[in-house]
Amino acid sequence: MRRLALVIEVVAIAILFASVFAGAARYPLMGGATALLAGAAFLGWRSPRRSMPGFWLWYLSLLVYAFLYLPLAIVVVFSFNNSKLNAEWVGFTLDWYHRLMGNADMLQAAGNSVLIALTAAAMATILGTMAGIAIHRYKSRVLPGMVFTPVAMPEILLGVSLLVFFLNTAKPALASVGVEFDLGLATVIIAHITFCIGFVAIIVRARLAGMDESIFEAARDLGASPWQTFRLVTLPLILPGVIAGALMAFTLSIDDFVITFFTSGLGTKTLPLEIYTMIKTAVTPEVNAVSTLLMLLTLAMIVIAGRVAPEVLRGKE
Amino acid sequence: MALLELRNITRRFGDFVAVDDVSLSIEAGEFFTLLGPSGCGKTTLLRMIAGFDLPDAGQILLDGKDVAHTPPEKRPIHTVFQSYALFPHMTVSQNVAFPLKMAGKGPEDISRLVREALNDVHLGEKANHFPHELSGGQKQRVALARGLVNRPRLLLLDEPLGALDAKLREEMQLELIELQKEVGVTFVFVTHSQAEALALSHRIAVMNRGRVEQMDEPSKIYGFPRNRFVADFIGNINMYEAEVKEAAAGQLRLQVAGMGEVSAPSAEGAGTGGQGAFAIRPEQIRIASREETSPLKNHFPGKVHDFLYTGDVTTYIVDLDAGAQIEALLPNSAPGRAKFFEVGDRVAVEWRHDAGVFLGD
Amino acid sequence: MTSRADAARAHGLTRWLVSTPPFVFLLLFFAIPSLIMVVASFRFPGEFGGLAPLVPTRPGEEAGLTAENYEVFFGDWVYFQIFLKSFGVAGITTLICLVMAYPVAMLIARSPKRHRDLMVLLVILPFASNFLVRVYAWMIILGPMDLLFSRFAVLLSMVYVHLPFMILPLYTNLEKHDPALLDAAQDLGANGWERFWRVTFPLSLPGIFSGSALVFIPVLGMFAIPEILGGKDDWLVGNMIKESFLGTRDWPFGSMLSIMLTLCVLGVAAMAAWLAARGVKRA
């Protein structure tokens, strides 16, 4: 009986989802869905406990999962909607995607985003891996603070302090030796590296912490020099963590809004910044289309990262 | 010349002295064991021999040469770690081949030596498996093969049998003896199990609190412990406070607390009036019913307090009339065994005048 | 002994090689900018925005250091109110996230091992979508219902964006609980609710504190959500900072606000760490 209740719950959620596209019929549908949810809860409450002791956990968790996914699903569905307004489902179309491909600003922003993400991820991975190894092996006291604080602080603080640093300190300093410097791609890349280092370091360090220490001693015991030990034993074993870290860094960079917002200056546009502008000025389902594509990309990255190094999925402390 | 010589090795960690002026020498081809309770310094000593730690004082001589300046990878000494430390990303063959690769051997030599090594430990068919696919005992053997494949001067084993269950442990002990004999490499074995040390070793160094208490063959250590610690740590023993009443040629007359007058073999440096302990192994004691007469000098009446029947032997715990409690071990199927005793039976315990030891303080 | 010194020296060289590059990079692009901001909060605003020079370049120009930014802050009730509002929003968001995250975290922790990774992945995937997209999604949903530009929209969005950060640490903690403890409690007479309240909940406190810190602190610094989804009334600290730097271009004031925000964040982090340590001792 309780299983039936859960099925009713899923149906209710589906109706709730559909109601968003129903235009005027929205409110009656939402009402109906809510009633079904209540009914499912009542049914589950009344049924014998034996039929499914974990019922309430499932009931509540399904609601939370639905809460997480429905809004995104709505964005995706509307990207195929043949209407300028994101209010009611009219018909299927790929129009918005076509317009996206022809939107020069958007394409350039996308190019910038990818370039920045690749560069930042590469540098952050190298520096972050070194930091992760250093923190794990040498129990340093200053380095962990510097590496992990950018991760823990609200992004706006990092963005703002880099803005001041670049314009007020770096720019005049470089100008005095004849180098013209302004906010742009380089500053965004540097900013991204700064906050990505911490993420990579966390992952690499977690990976090292989970390994049997005596393996490295064994390698030296059996005749390997410290460099050989690193090359033949340490590196292969942390490689999954390094790759996962690189993927995470790439994802974080492509998705970043706040830090990029402050350090990009006037000329440089990235995908999130473009989306922001579109949201604030002219909202068309082109936003939905670009969002959907961006989601697919980062989704792929995270799935691969999760496969390569399952530790990424745990202990994000 | 001894293969390995340790001279006055000391290692301190802050105020704590882990190894206190230890000197010993190990001969080529022998199975040498460092035995002691946790914290006695045996593992620290092992790590210094391997090169992962440096002594604060003293010398480590391998084939007469001081190896203190040599890093671990350059010493012809390999270690079998307690956790086996197999490389998880390499197959069994690759693990065993590792030291050969580091030594720069060619591919044909490597594959031949790896095959031989795996056969030595009876693991030939697992060559292409990964460590996580193996059982504990199998991982152990891979670690052994890896440590022996390029015939180091010395193989160090750090409590390698600790993680195995009892039956497997016994099997591995026998295999270890066989392996060492066959391969001929000198083993330095660290354990806290005295039974294991007695079974496996040619010689044992019993350690306590950073010092070597006694170093000798197993039978000598068992039969002639030199002090209270060694006597108590090895096997089971009865021990009582004693005072030397008279020290004559080859014999001591002791006054033992709770017992009476005891004849014991003479001990080094034990003179009249000396204080110490009298110790005797349970299997050296004979139990008879009280009425029996006996020619033995050491003969004390008592009552059976309890007994422990363990299938092959029975340990009787006897309360002596004079006050002390003593344990006697009797095999259950000895021919001519008088009788089995019950709790409360009046008995007499006795032993030869040359059994037992006096341990002077 | 010389060889100990040799070994230490070789060890030290590797340590230097590995630690220095990240250290230098972060020193240059994190530590130093932070210090510059601290100093900036004590400076005058430049004539055309930005910072005034430390040494006057023209007679009569405002230059040098001053505490006036802090004076303004502590002098006017309005700024304190906005900080309070931010704390309030952060607190409510954290609480709602906790209530929503707990069932999911428990469900995943109690599921068979082979399902867990997948379920965790399903929690993380929405996080993979762009932050703005997640905010935009709620614009679509709430728009036609006339709920936009309200406190409700802001809160809803804040919860939505930060929920995975509460689920993961909570799950990590719950996964480590020994199921035998619950059996023991039941054996000794505790019913379902009591088992949860007296065994599971106290043991999960460290996870609750980690998750709460991971939600509370970012929310404190948020500006995009109030800006896009909120009304003028819903301005938080982040909005004020953004306005200072990009709108009025009063950089010293913005720096001062950032320093105040940093202090708040450090305070919260310290408290979370202290609570977590205490919770561990109790458990």
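What counts as what
- Every chain's residues receive numbers from 1 upward, in the order its sequence appears when written.
- Here chains are named by letter from A upward and ligands by number from 1 upward, in the order in which they appear as written.
- Per-residue local features of the predicted model are confined to residues with pLDDT of at least 70, and side-chain atom pairs are confined, for both listing and counting, to 80 or more; whole-chain, interface and lining totals are unaffected and use all residues.
- Under the scheme used here, helices are H or I runs from DSSP no shorter than 4 residues and strands are E runs no shorter than 2 residues, and both carry numbers assigned from the N terminus.
- Here a residue counts as buried when 20 or more other C-beta atoms fall within 10 Å of its C-beta, as exposed when 12 or fewer do, and as partly exposed in between; the C-beta atoms come from the backbone.
- Remark: residues whose backbone-derived C-beta atoms lie within 7 Å of one another are considered to be in contact.
- Only C-alpha atoms enter the radius of gyration; for comparison, a globular chain is expected to reach 2.2 Å times N to the power 0.38, where N is the number of residues.
- Charged residues are taken to be Asp, Glu, Lys and Arg, nonpolar residues to be Ala, Val, Leu, Ile, Met, Phe, Trp, Tyr, Cys and Pro, and polar residues to be all remaining types, Gly included.
- Expected helix span is computed as 1.5 Å times (number of residues minus one).
- The quantity called bend is, for any residue, the angle between two axes fitted respectively to the seven residues ending at it and the seven beginning at it.
- By definition, a nonpolar core groups buried Ala, Val, Leu, Ile, Met, Phe, Trp, Tyr and Cys residues that are joined through C-beta atoms within 7 Å.
- Segment limits for the domains were obtained from an automatic or database-derived domain assignment.
- We treat two strands as partners when DSSP finds at least two bridges between them.
- Fitting a line to C-alpha atoms yields each axis, with helices limited to the stretch in contact; the angle taken between N-to-C directions then spans 0 to 180 degrees.
- Our angle categories are set so that under 35 degrees counts as roughly parallel, over 145 as roughly antiparallel, 65 to 115 as roughly perpendicular, and the remainder as oblique.
- A clockwise turn of the near helix away from the far one marks a right-handed crossing, whereas an anticlockwise turn of less than a right angle marks a left-handed crossing.
- pLDDT expresses how confident the predictor is about each individual residue, on a scale running from 0 to 100.

S.K.: Describe the overall build of chain C, with residues and values.
M.R.: Helix and strand counts for chain C stand at 12 helices and 0 strands. Ordered by position from the N terminus, the helices and strands of chain C form the series α-α-α-α-α-α-α-α-α-α-α-α. Of all 283 residues assigned to chain C, the portion counted as buried reaches 41%. The contacts of chain C with a sequence gap of at least 6 include a subset with a gap of at least 24, amounting to 70%.

S.K.: Outline the overall build of chain A, listing residues and values.
M.R.: Broken down by element type, chain A carries 13 helices and 0 strands. Sequence-ordered secondary structure for chain A, helices as α and strands as β, is α-α-α-α-α-α-α-α-α-α-α-α-α. Taking 317 residues into account, the globule formula puts the C-alpha radius of gyration at 20 Å, and chain A, at 25 Å, lies well above it. If you line up chain A on its principal axes, its C-alpha atoms span 70 × 55 × 30 Å. Partitioning the intrachain contacts of chain A with sequence separation of at least 6 by distance along the chain shows that 76% fall at a separation of at least 24.

S.K.: Give me the lowdown on helix α9 (residues 214-221) of chain A, citing residues and values where you can.
M.R.: Residues spaced three or four apart along an α-helix point in a common direction, a consequence of the helix completing one turn every 3.6 residues. Buried residues dominate α9(A), accounting for 6 of its 8 residues. On its buried face, α9(A) sits against α10 (226-255) of chain A together with α1 (42-50) and β6 (77-80) of chain B. After α9(A) finishes, the residue Gly223(A) shows a positive phi value of roughly 115°.

S.K.: Describe the interface of chain A and chain C, listing the residues and the values that go with them.
M.R.: Counting residues at the interface gives 69 residues for chain A, matched by 69 residues for chain C. Counting residues per element, the ones that place at least two in the side of chain A that touches chain C are α3 (55-78), α5 (104-138), α6 (142-152), α7 (155-176), α8 (185-209), α10, α12 (271-280) and α13 (286-308) of chain A. If one sorts the elements of the side of chain A that touches chain C by residue count, α3(A) sits on top with 13 residues. Counted by class, the side of chain A that touches chain C contains 52 nonpolar, 12 polar and 5 charged residues.

S.K.: Outline α8(A), listing residues and values.
M.R.: Residues and elements named next belong to chain A. An ideal rise of 1.5 Å per residue puts 36 Å on 25 residues; α8 measures up with 36 Å between its terminal C-alpha atoms. Maximum bend of α8: about 30°, positioned at Cys196. With respect to burial, α8 is a largely interior element, 21 of its 25 residues being buried.

S.K.: Give a description of the nonpolar core that names residues and reports values.
M.R.: In this structure, Cys196(A) and Ala249(A) are the most contacted members of the largest nonpolar core, which totals 159 residues. Both domains that meet at this core, namely domain 1 (2-78) and domain 2 (99-313) of chain A, each give it at least three residues. Not counting residues within four places of it along the chain, the set of residues in contact with Ala249(A) comprises Ala120(A), Ala121(A), Ala124(A), Thr125(A), Cys196(A), Phe199(A) and Val200(A). Judged by nonpolar contacts, the second largest core, of 107 residues, contains Leu34(B), Cys40(B), Phe187(B) and Ile204(B).

S.K.: A description of the pairing of strand β18 (residues 325-331) of chain B should follow, citing residues and the corresponding values.
M.R.: Residues and elements named next belong to chain B. Sheet topology note: the strand β17 (residues 313-320)/β18 ladder contains 7 bridges and is antiparallel. Note that in β18 the partner of Thr315 across the bridge is Leu329. In this structure, the hairpin formed by β17 and β18 is closed by a connection of 4 residues, where Gly323 is found at a positive phi of approximately 125°.

S.K.: Got a sec to walk through the packing of helix α4 (residues 113-128) of chain C against helix α6 (residues 151-175) of chain C? Specific residues and values, please.
M.R.: When two helices pack together, their arrangement is given by the angle between the helix axes and the distance between those axes. All names here are of chain C. As a packed pair, α4 and α6 sit with axes 10 Å apart at the nearest point and diverge in direction by 155°. Judged by the inter-axis angle, α4 sits roughly antiparallel to α6. Crossing geometry of α4 relative to α6 is assigned as left-handed. Residues Val120, Val123, Ile124, Pro126 and Phe127 of α4 pack against Pro164, Ile167, Leu168 and Tyr171 of α6.

S.K.: Just give me the short version of the sheet that holds strand β15 (residues 286-289) of chain B, but keep the residues and values in it.
M.R.: Residues and elements named next belong to chain B. Here 5 strands make up an open sheet; going across it, the order is β15-β19-β16-β17-β18 and the pairing antiparallel. With one partner strand each, in any of the chains shown, β15 and β18 form the two edges of the open sheet. Strand-to-strand, the axes of this sheet are offset by a mean angle of 45°, without reference to chain direction.

S.K.: Tell me about the sheet that holds strand β14 (residues 275-280) of chain B, residues and numbers included.
M.R.: All names here are of chain B. One open sheet holds the 5 strands; their spatial order is β13-β12-β11-β14-β20, and the pairing between them is antiparallel. Each having just a single partner strand, β13 (260-265) and β20 (357-360) make up the two edges of the open sheet. Direction aside, neighbouring strands of the sheet carry axes that sit 45° apart on average. Where strand β11 (residues 238-248) meets strand β12 (residues 251-256), 6 bridges bridge the pair, whose relative direction is antiparallel. By the bridge assignment for β12, Ala242 is matched with Val256.

S.K.: Residues and numbers for the packing of α5(A) against α12(A), please.
M.R.: All names here are of chain A. Where α5 meets α12, the closest approach of the two axes is 7 Å, and the angle between their N-to-C directions is 145°. When α5 is examined against α12, the residues Asp105, Met106, Ala109, Ala110 and Ser113 are found in contact with a partner set consisting of Leu271, Leu273 and Glu274. Partitioned by chemical class, the residues of the contact of α5 with α12 number 5 nonpolar, 1 polar and 2 charged.

S.K.: Describe the pairing of β11(B), listing the residues and the values that go with them.
M.R.: Residues and elements named next belong to chain B. Bridge count for β11 against β14 is 6 bridges, and the pairing is antiparallel. Along β14, the bridge assignment pairs Asn238 with Ile280. Taking the residues that link successive antiparallel strands as the turn, the β11-β12 hairpin has 2 residues, and the phi of Gly250 there is positive, at about 70°.

S.K.: So what about the domain arrangement of chain A? Which residues, and what values?
M.R.: Residue and element names in this part refer to chain A. We note that the domain assignment places domain 1 (2-78) and domain 2 (99-313) within chain A. The C-alpha centroid of domain 2 is placed 38 Å from the C-alpha centroid of domain 1. Residue-level contacts link 4 residues of domain 1 with 5 residues of domain 2. Class assignment of the residues belonging to the side of domain 1 that touches domain 2 gives a composition of 4 nonpolar, no polar and no charged.

S.K.: Lay out the environment of Asp21(B) with the relevant residues and their values.
M.R.: Residues and elements named next belong to chain B. Position of Asp21 among the secondary structure elements: in strand β2 (residues 16-26). Along the backbone, Asp21 and Arg253 are 232 residues apart, and their C-alpha atoms lie at a distance of 36 Å. Dropping the residues within four chain positions of it, Asp21 is found in contact with Asn8 and Thr10.

S.K.: Describe the environment of Asp66(B), listing the residues and the values that go with them.
M.R.: All names here are of chain B. Relative to the elements of secondary structure, Asp66 occurs in strand β5 (residues 65-66). Between the alpha carbons of Asp66 and Glu5 there is a distance of 9.3 Å; along the sequence they are 61 residues apart. Every residue in contact with Asp66, bar those within four places of it in the chain, is listed here: Gln59, Ile60 and Leu61.

S.K.: Quick rundown of the confidence of the model for chain A? Include the residues and the values.
M.R.: Put simply, chain A has an average pLDDT of 85, and 97% of its residues get 70 or more. Looking over chain A, one finds the lowest element-wise mean pLDDT in α13(A), namely 82, and the highest in helix α11 (residues 258-263) of chain A, namely 92.

S.K.: Lay out unusual backbone geometry in plain terms, naming residues and giving numbers.
M.R.: Negative phi is the rule for most residues except glycine; trans is the rule for most peptide bonds. The phi dihedral of Asp63(B) falls on the positive side, at around 55°, and the residue is not glycine. Here Asp63(B) is to be found in the loop between β4 (57-62) and β5. Residue classification places Asp63(B) among the partly exposed residues on the basis of 13 C-beta atoms within 10 Å. Residues other than glycine seldom take positive phi values, yet Arg249(C) does so here, at roughly 60°. As for its placement among the helices and strands, Arg249(C) is situated in the loop between α11 (237-247) and α12 (251-282). Look at Arg249(C) and you get partly exposed, because 16 C-beta atoms sit within 10 Å.

S.K.: How would you explain the confidence of the model for chain C if you had to name every residue and give the values?
M.R.: As a general rule, the predicted coordinates of low-pLDDT regions are not to be interpreted in detail. Residues and elements named next belong to chain C. Scored by pLDDT, chain C has a mean of 83; 90% of the residues are at 70 or more. Looking at the elements of chain C, mean pLDDT is at its lowest for helix α1 (residues 2-40), recorded as 80, and at its highest for helix α3 (residues 77-110), recorded as 91. On the interface metric, ipTM, the complex scores 0.83, and its pTM is 0.78.

S.K.: Before we move on, can you summarise the environment of Val96(B) with the specific residues and values?
M.R.: Relative to the helices and strands, Val96(B) resides in helix α2 (residues 92-102). C-alpha separation for the pair Val96(B) and Ser83(B), spaced 13 residues apart in sequence, amounts to 16 Å.

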